[in-house]
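Okay, here's what each chain looks like letter by letter:
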Amino acid sequence: GAVVSQHPSRVICKSGTSVKIECRSLDFQATTMFWYRQFPKQSLMLMATSNEGSKATYEQGVEKDKFLINHASLTLSTLTVTSAHPEDSSFYICSARTHLGGETQYFGPGTRLLVL
Amino acid sequence: AQSVSQHNHHVILSEAASLELGCNYSYGGTVNLFWYVQYPGQHLQLLLKYFSGDPLVKGIKGFEAEFIKSKFSFNLRKPSVQWSDTAEYFCAVILTGGGNKLTFGTGTQLKVEL
């Protein structure tokens, strides 16, 4: 099946710093990439949708200046959490969609962010 | 707005028991339906999906799901669970023509005891 990787898997940073998370589709080209946030014992909440070469579309309530998304190519998207604060601590998951097999989304392993 | 409901939040079964996890969605239009599984410490994996055709869908690891349009349901089933099926299961729906956003249910934590 299609593989999506994320890096890093875990990151601890100080409050006020910025953190970049990479998401790559390893064996397919992703028409669209998505970024989710998962709180403990809750479902995944969509943060934003991005298409290669265009600006990301953010969900209501998600600050686009805080969560910067760059979709540089059909296999790479990055999420930068700017000026991170402890309330940004969470599990961030990326997903990539391919037309192969009919618009199926494949998920990365997630990145655990802890802001001190 | 579309929503996905998974009524069973925690399920505990003994090995070899049969499993059925409920999933209902709120939208009456055309939908694509998915079940994902998240094993402990691992990422979400696709179990099965329904786009069209036979409403009984076979997935990996012996799982199947049945789409019942009149009931807005897509319940997941497995006739005989194994200890290794312990995981969290998420139902998800894409409303076709509605921005193609995947909406997740709240998840069901399944624990299979030996």
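K.L.:
With reference to specific residues and values, describe a nonpolar patch on the surface.
P.N.:
On the surface, a cluster of nonpolar side chains totalling about 310 Å² of accessible area is made up of Ile 12, Leu 114 and Leu 116 of chain A. One can find Ile 12 of chain A in strand β2 (residues 10-13).

K.L.:
Which residues make up the interface of chain A and chain B, and what values go with them?
P.N.:
Listed by partner, the interface residues are 17 residues for chain A and 16 residues for chain B. Buried area between chain A and chain B, summed over both chains or domains, comes out near 1,400 Å², and the portion from carbon and sulfur atoms is 55%. Interface area lost by chain A to chain B is led by Ser 43, Arg 97 and Phe 107 of chain A, which between them contribute 32%. The interface formed by chain A and chain B contains one salt bridge. The shortest N-O distance in the salt bridge between Glu 59 of chain A and Lys 101 of chain B comes to 2.9 Å. At the boundary of chain A with chain B, the tally comes to four residue pairs in polar contact (both at pLDDT 80 or more). Counting only elements with at least two residues in the side of chain A that touches chain B, the list comes to β4 (32-38), β5 (44-51), β9 (90-98) and β10 (104-107) of chain A. For the side of chain A that touches chain B, the residue count by class is seven nonpolar, seven polar and three charged.

K.L.:
Lay out the sheet that holds strand β1 (residues 4-7) of chain A with the relevant residues and their values.
P.N.:
Residues and elements named next belong to chain A. Across the sheet, four strands lie side by side as β1-β3-β8-β7; this open sheet has antiparallel pairing. Of all the strands in the sheet, just β1 and β7 (67-73) have a single pairing partner and so form its edges. Neighbour to neighbour, the strand axes of the sheet diverge by 15 degrees on average, direction disregarded. Sheet topology places β1 next to strand β3 (residues 19-25); four bridges connect them, and they run antiparallel. From the neighbouring strand, Gln 6 faces β3, where its bridge partner is Cys 23.

K.L.:
Give a detailed account of the side chain of Asp 88 of chain A, specifying residues and quantitative values.
P.N.:
All names here are of chain A. As for its position among the elements, Asp 88 is in the loop between β8 (76-81) and β9. At 2.9 Å, the side chain of Asp 88 forms a polar contact with the side chain of Lys 66. If near-sequence neighbours (up to four positions away) are discounted, Asp 88 is found in contact with Arg 37, Lys 66, Phe 67, Val 81, Ser 83, Leu 113 and Val 115.

K.L.:
Tell me about the environment of Arg 37 of chain A, residues and numbers included.
P.N.:
All names here are of chain A. Counting through the fold element by element, Arg 37 comes out in strand β4. Arg 37 sits 56 residues away from Ile 93 along the chain, and the two C-alpha atoms are 6.1 Å apart. The residues touching Arg 37, leaving out its near neighbours within four places in the chain, are Ser 43, Leu 44, Met 45, Met 47, Phe 67, Glu 87, Asp 88, Ser 89, Ser 90, Phe 91 and Tyr 92. Only 2.7 Å separates the side chain of Arg 37 from the backbone oxygen of Glu 87, close enough to count as a polar contact. Within the structure, Arg 37 has its side chain in polar contact with the side chain of Ser 90 (distance 3.2 Å).

Rules of the game
Residues numbered from 1 in each chain as written. Chains lettered and ligands numbered in written order. Predicted model: local features only at pLDDT ≥ 70, side-chain atom pairs only at ≥ 80, totals over all residues. Heavy atoms only, no water. Patch = residues over 30% accessible without salt bridge, like charges linked within 9 Å, V, L, I, M, F, W, Y side chains within 5 Å. Areas by Shrake-Rupley, 256 points an atom, 1.4 Å probe, with all protein chains shown as cover. Salt bridge = Lys/Arg side-chain N within 4 Å of Asp/Glu carboxyl O. Helix = DSSP H or I, 4+ residues; strand = E, 2+ residues; numbered from the N terminus. Contact = heavy atoms within 4.5 Å. Buried area = accessible area lost by both parts, 1.4 Å probe. Polar contact = N/O pair within 3.5 Å; in protein donor to acceptor, adjacent residues only side chain to side chain. Nonpolar A, V, L, I, M, F, W, Y, C, P; charged D, E, K, R; others polar. Pairing = 2+ DSSP bridges. Axes fitted to C-alpha atoms, helices over the stretch in contact; angles between N-to-C directions.

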